[in-house]
Amino acid sequence: MDLDVVSDNFAFMMGGLGLTVQLAVITIVCGLMLGTLLALARLSSRVWLYWPATAYIHFFRGLPLILVIFWLYFLFPVITGKPMQAFAAAIVSFIVFEAAYFAEIIRAGIQSIPEGQSMAARASGLTGYQTVRYVILPQALRNMVPALVTQSVVIFQDTSLAYVIGLREFLRRVNLVDAREARSVELYLFAGAVYFAICSAGSLASQRLEKRRERMSLA
Amino acid sequence: MGILNYTFDWSVLWRDPYGGMLVKGILTTLQLSLLAWLIALVLGLAVGLCRVLPLRFTRLVGGAYVQVFRNTPLLVQLFFWYFAAPLLLPKPAQAWLYDNVPNYAFWAGVVALGTYTASRVAEQFRAGLMAIPRDQYRAAYATGLTTVQVYRYVIAPFALRLILPPFTTEFLTCFKNSALAMTIGVMEVTHTAYYIDSFTWHGLETTTAASAVYLCIAACITAGMAFTEKRVRIPGMIVRR
């Protein structure tokens, strides 16, 4: 063990963490928005909304993320005629992929609300939109927050896949240092430790939220 | 330049030598995910059991295993097994490895995917055991069964059927995750699709075909398991739709 290799290249490697966090945050925010729309479409009784959303979700949940990245990477230039930037390719594939997972979490959260709630809301004269916005979503969101946090931790880990199209995020930089210094044991243990620290914090938060939710629903 | 200024050539999917490469890639994907699943099942059940035993030590070890493997990306674990693990071996063992195991990348992939999936299997297994009502144990003991008999005749038939659906999901995840092995050079189907692009510039066709392969295999497994679940369902209990 020779931890000098870690401290010598610490700044360079940690510089990649910024990009990793950026990828994760953009994916979570945009993925949630797209996921909510998909979930609402999947719960809709309109066939032309239900079927495309269902097909979309099943399609992306059936594929490995890494393949989605390549597929968009090849597909995009065909449609636009311009080569795709690595960052754009990564972010777009992350968003369309993770939105499918978010959609299923959100759908389950919405379905966990008893039907009587929406009937009561409609009976009191709220419109369909108002029912969703003021009655269903606030309650459903509370139920799904733990699962959403867990999925966000998964997304944070998944951003490491941007590695394959050459984006210099955290893991790519560790890999570059390893190529120069050939100290795989120390470097990959270090990379693992950094991911572990961040992800356990997220997992712990998710468990706390879950416990609190259980207490509140019992009370 | 513009929309669809691209000549499709689907014959790269079956033309020699690319057709053969794709078939080999599909077989490698299946081999990799099945071998990893074997490790994941054995190790996952062991770790899951560790987590429910009434012993502090085993619970601590099991918990630590799950935490470490779930909170680091699979890609880091793959790199660890491929690049770092051999360096931890004594020198003669290293030399033996490099001389006698030509497809070390494949085996590193199997171990990485297996140990990673084991942490997920362990959690599902534990959740399945916890889902069994306490009364089942009490009633079984009250009728005079021994511990082995309680598990063999009451708990296992119950738990095995409860965990079948989540285990199907975990296998499919393992199957999809096998694509990550391409990063250490394993020629599974995703890598093959990407690789053929470097000769033909027809990556769009090959990645589309690879997507179809994943979706078809996943659909077959899902259909097969849905059938099995219906066959073995516990009367009176709701089966996943």
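Above this text sits the structure in question.
Cut-offs and rules
- Position labels on residues start from 1 in each chain and follow its written sequence.
- Whichever chain is written first is A, and whichever ligand is written first is 1; the rest continue in order.
- Residue-level local features of this predicted model are given only where pLDDT is at least 70; pairs of side-chain atoms are given and counted only at 80 or more, and the full residue set underlies all totals for whole chains, interfaces and linings.
- Here a helix means four or more residues in a row that DSSP labels H or I, a strand means two or more in a row labelled E, and each is numbered from the N terminus.
- Here the C-beta atoms are placed from the backbone, and a residue counts as buried if at least 20 other C-beta atoms lie within 10 Å of its own, exposed if 12 or fewer do, and partly exposed otherwise.
- Angles run from 0 to 180 degrees between N-to-C directions of axes, and those axes are lines fitted to C-alpha atoms, restricted for helices to the stretch in contact.
- Convention used here: angles under 35 degrees read as roughly parallel, angles over 145 as roughly antiparallel, angles from 65 to 115 as roughly perpendicular, and any remaining angle as oblique.
- By definition, turning the near helix anticlockwise from the far helix through less than a right angle yields a left-handed crossing, and turning it clockwise yields a right-handed one.
- Once C-beta atoms have been placed from the backbone, residue pairs whose C-beta atoms lie within 7 Å are recorded as contacts.
- The nonpolar class holds Ala, Val, Leu, Ile, Met, Phe, Trp, Tyr, Cys and Pro. Asp, Glu, Lys and Arg form the charged class, and all remaining residues, Gly among them, are polar.
- Only buried residues count toward a nonpolar core: Ala, Val, Leu, Ile, Met, Phe, Trp, Tyr and Cys, linked into one set through C-beta atoms within 7 Å.
- Expected helix span is taken as 1.5 Å per residue step, with the number of steps being one fewer than the number of residues.

A word on the overall build of chain A. When you go through chain A residue by residue, the secondary structure sums to 9 helices and 0 strands. Ordered by position from N to C terminus, the α and β elements of chain A give α-α-α-α-α-α-α-α-α. With respect to the three principal axes, the spread of C-alpha positions in chain A is 70 × 50 × 25 Å. When the 219 residues of chain A are sorted by exposure, 37% land in the buried category.

Turning to its location among the elements, Trp107 of chain B is positioned in helix α5 (residues 104-130). It is 8.8 Å that separates the C-alpha atoms of Trp107 of chain B and Tyr82 of chain B, two residues lying 25 residues apart in sequence.

Before going further, it helps to spend a moment on the packing of helix α2 (residues 10-43) of chain A against helix α3 (residues 47-61) of chain A. Residues and elements named next belong to chain A. For the pair α2 and α3, interaxial distance at closest approach is 7 Å and the crossing angle is 125°. Between α2 and α3, the angle is such that the two are oblique. With respect to the hand of their crossing, α2 and α3 are arranged in left-handed fashion. Side by side, α2 and α3 meet where Leu38, Ala41 and Arg42 of the first sit next to Leu49, Tyr50, Ala53, Thr54, Tyr56 and Ile57 of the second. Across the contact of α2 with α3, the residue classes break down as 7 nonpolar, 1 polar and 1 charged.

Where interface size is quoted, it is often the accessible area lost as the parts come together. Residue-level contacts link 36 residues of chain B with 29 residues of chain A. Contributing elements (two or more residues each) for the side of chain B that touches chain A: α2 (56-70), α3 (74-88), α7 (147-177), α8 (189-200) and α9 (203-232) of chain B. Ranked by the residues each element gives to the side of chain B that touches chain A, the list is headed by α9 of chain B, at 9 residues. In the side of chain B that touches chain A, the residues fall into 23 nonpolar, 12 polar and 1 charged.

Counting residues in hydrophobic clusters, the biggest one holds 105 residues, and the most contacted among them are Ile66, Leu67 and Ile69 of chain A together with Leu75 and Leu78 of chain B. A total of 13 residues in this core trace back to one element, the largest contributor, which is helix α5 (residues 86-111) of chain A.

Glancing now at α8 of chain B. The end-to-end C-alpha separation of α8 of chain B is 16 Å, in line with the 16 Å expected for 12 residues at 1.5 Å each. Within α8 of chain B, burial applies to Val189, Thr190, His191, Thr192, Ala193, Tyr194 and Ile196 of chain B. Buried-residue contacts for α8 of chain B involve α4 (65-80) of chain A together with α1 (18-52) and α9 of chain B. Residue Trp201 of chain B follows α8 of chain B closely and has a positive phi angle near 60°.

With that settled, the discussion passes to the environment of Pro77 of chain A. The topology assignment puts Pro77 of chain A in helix α4. Beyond its immediate chain neighbours, meaning those up to four positions away, Pro77 of chain A contacts Lys82, Pro83 and Met84 of chain A.

With that settled, consider the packing of α3 of chain B against α5 of chain B. Residue and element names in this part refer to chain B. At a closest axis distance of 9 Å, the pairing of α3 and α5 adopts a crossing angle of 135°. Relative to α5, the element α3 lies oblique. α3 and α5 meet at a crossing whose hand is right-handed. Of α5, the residues touching α3 (which contributes Leu74, Gln77, Leu78, Trp81 and Tyr82) are Ala105, Ala108, Gly109, Val111, Ala112 and Tyr116.

Okay, unusual backbone geometry next. Of note, the amide linkage connecting Asp16 of chain B to Pro17 of chain B takes the cis form, showing an omega dihedral of 0°. Assignment of secondary structure puts Pro17 of chain B in the segment before α1. One non-glycine residue, Ala182 of chain A, adopts positive backbone phi at about 55°. Note that Ala182 of chain A resides in the loop between α8 (170-181) and α9 (184-218). In this structure, Trp201 of chain B takes a positive phi of about 60° despite not being glycine. Looking at the secondary structure, you find Trp201 of chain B in the loop between α8 and α9.

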